[in-house]
Amino acid sequence: MNTKLQKVFAGLGIALITILSIILIFNLIIVLKSFIKKDKAPSVFGITPLIVTSGSMTGDNKDSFPVNSMIFVKKTKFDKLDENDVISFYEINEKTGKTSVISHRIYKINEDGTITTKGDANNSDDGNFLTSDLVIGKVMFHIKGIGSLALFMKEPIGIIVTISIPVILYLLVDLVLSKGKKNKKENNDSDSESLNKE
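What you are looking at is a predicted structure, and each value in this text was computed from that prediction instead of being measured.

Undergrad: Looking at this structure, how should I read the overall build of the protein chain?
TA: In terms of regular secondary structure, the protein chain is built from 3 helices and 6 strands. Counting helices and strands in the order they occur from the N terminus, the protein chain gives α-β-β-β-β-β-β-α-α. Expressed as a percentage of its 198 residues, the buried residues of the protein chain come to 30%. Considering only residue pairs separated by 6 or more positions, the protein chain has 57% of its internal contacts joining residues 24 or more positions apart. Working note: accessible area of the protein chain is about 13400 Å², and carbon and sulfur atoms make up 60% of it.

Undergrad: Would you explain the sheet that holds strand β3 (residues 86-92) in this entry?
TA: Think of a sheet as strands paired side by side through backbone hydrogen bonds, with each pair either parallel or antiparallel. Taken together, the 6 strands give an open sheet; going across it, the order is β1-β2-β6-β3-β4-β5, and neighbouring strands pair in antiparallel fashion. Each end of this open sheet is capped by a strand with a single partner; those strands are β1 (47-51) and β5 (115-118). For this sheet the average axis-to-axis angle between neighbouring strands, irrespective of direction, equals 50 degrees. With 4 bridges joining them, strand β4 (residues 99-109) and β5 adopt antiparallel strand pairing. Note that in β5 the partner of Arg 105 across the bridge is Lys 118.

Undergrad: Before we go on, may I ask you to explain the pattern of salt bridges in this structure?
TA: Two side chains of opposite charge can pair, provided their charged atoms sit close to one another. This model, assessed by the stated rule, comprises 3 salt bridges. Note that Asp 63 is salt-bridged to Arg 105, the shortest N-O span being 2.7 Å. Of this pair, Asp 63 sits in the loop between β1 and β2 (70-74) while Arg 105 sits in strand β4, and the two are 42 residues apart along the sequence. A salt bridge links Lys 138 to Asp 85; the nearest nitrogen and oxygen atoms lie 3.5 Å apart. Residue Lys 138 is found in strand β6 (residues 135-143), and its partner Asp 85 is found in the loop between β2 and β3; the two are separated by 53 residues along the sequence. For Lys 138, a relative accessible area of 28% corresponds to the partly exposed category. Linked through salt bridges whose partners overlap, the residues forming this network are Asp 63, Arg 105 and Asp 120.

Undergrad: Would you take a moment to explain a nonpolar patch on the surface for this structure?
TA: Taken together, the side chains of Leu 149, Phe 152, Ile 157, Ile 160, Val 161 and Ile 165 present a nonpolar region at the surface, about 510 Å² in accessible area. Looking at the nonpolar patch, the elements that each hand over two or more residues are α2 (147-154) and α3 (156-197). In this structure, Ile 157 sits in helix α3.

Undergrad: Any chance you could explain the nonpolar core here in plain terms?
TA: Burial of nonpolar side chains together is a common tendency in soluble globular proteins. Counting 11 residues, the largest nonpolar core consists of Ala 41, Leu 50, Val 52, Met 57, Phe 65, Ile 71, Val 73, Val 86, Tyr 90, Ile 136 and Val 139. Mapped by element, the contributors of at least two residues to this core are β2, β3 and β6. In this view, Leu 50 contacts Ala 41, Ser 69, Met 70, Ile 71, Val 73, Ser 88, Val 101 and Ser 103; residues no more than four positions away in its chain are not counted. In terms of nonpolar packing, the next biggest core, distinct from the first, is built from 7 residues, Leu 81, Ile 87, Leu 130 and Val 135 among them.

Undergrad: How do you make sense of the packing of aromatic side chains when you look at a structure like this?
TA: Aromatic rings in a pair are described by how distant their centres are and how their planes are angled relative to each other. Per the counting criterion, the structure on display carries 1 aromatic pair. A ring pair is formed by Phe 72 and Phe 141, whose centres lie 4.7 Å apart and whose planes are at 15 degrees; its orientation type is stacked. A residue pair is termed long-range when its members are at least 10 positions apart, and Phe 72 in strand β2 and Phe 141 in strand β6 qualify at 69 residues. Owing to a relative accessible area of 12%, Phe 72 belongs among the buried residues under this scheme. Residue classification places Phe 141 among the partly exposed residues on the basis of a relative accessible area of 45%. Sitting over the ring of Tyr 90, Lys 40 keeps its end group 4.8 Å from the ring centre.

Cut-offs applied
- Residues numbered from 1 in each chain as written.
- Predicted model: local features only at pLDDT ≥ 70, side-chain atom pairs only at ≥ 80, totals over all residues.
- Heavy atoms only, no water.
- Helix = DSSP H or I, 4+ residues; strand = E, 2+ residues; numbered from the N terminus.
- Buried < 20%, exposed > 50% of the residue type's maximum accessible area, 1.4 Å probe, protein only.
- Contact = heavy atoms within 4.5 Å.
- Areas by Shrake-Rupley, 256 points an atom, 1.4 Å probe, with all protein chains shown as cover.
- Pairing = 2+ DSSP bridges.
- Axes fitted to C-alpha atoms, helices over the stretch in contact; angles between N-to-C directions.
- Salt bridge = Lys/Arg side-chain N within 4 Å of Asp/Glu carboxyl O.
- Patch = residues over 30% accessible without salt bridge, like charges linked within 9 Å, V, L, I, M, F, W, Y side chains within 5 Å.
- Core = buried A, V, L, I, M, F, W, Y, C linked by side-chain atoms within 4.5 Å.
- Phe/Tyr/Trp six-rings, centres within 6.5 Å; stacked < 30°, edge-to-face > 60°.
- Lys NZ or Arg CZ within 6 Å of the ring centre and 35° of its normal.

Next up, the structure:
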């Protein structure tokens, strides 16, 4: 393998290791926070990543999102939210007391300042009157199709795989770089020998 190709391979390897390490750290923080506060959606630096498990926000709007998307929710002041913003909020089941997270569009802001939401794929609004304590924040963007991968990365085997990939890549990059240095040294030694013979 020539030196230029080795440098490109090493550079790509280091970049991939860095990206995967950041994802790993981010994921571990999310997992730890979800264990500490089980009734709250975990966030890192004010951003809450959520996985879409229902089709209620499937639609033709540019900010609609299908099942298996990952959405990123930014903590936003309640009075800065407007109609048509997509928000994530807590919904408490009155029968079971269980808290779930819903992500729907603001359908209207009521006269008393509360918010009523509606899923893009739903025929009617949610009939809710959200107050600031229930709102997590505004959905900033989404990535389609990575929800399953994100769920896998939260499982023990997923964490092991996520840790293993950067370690293996680091070892491969180190192997390529050390082989490149060895080849360079051998070439320099052979050049020195040929100069001495002349």
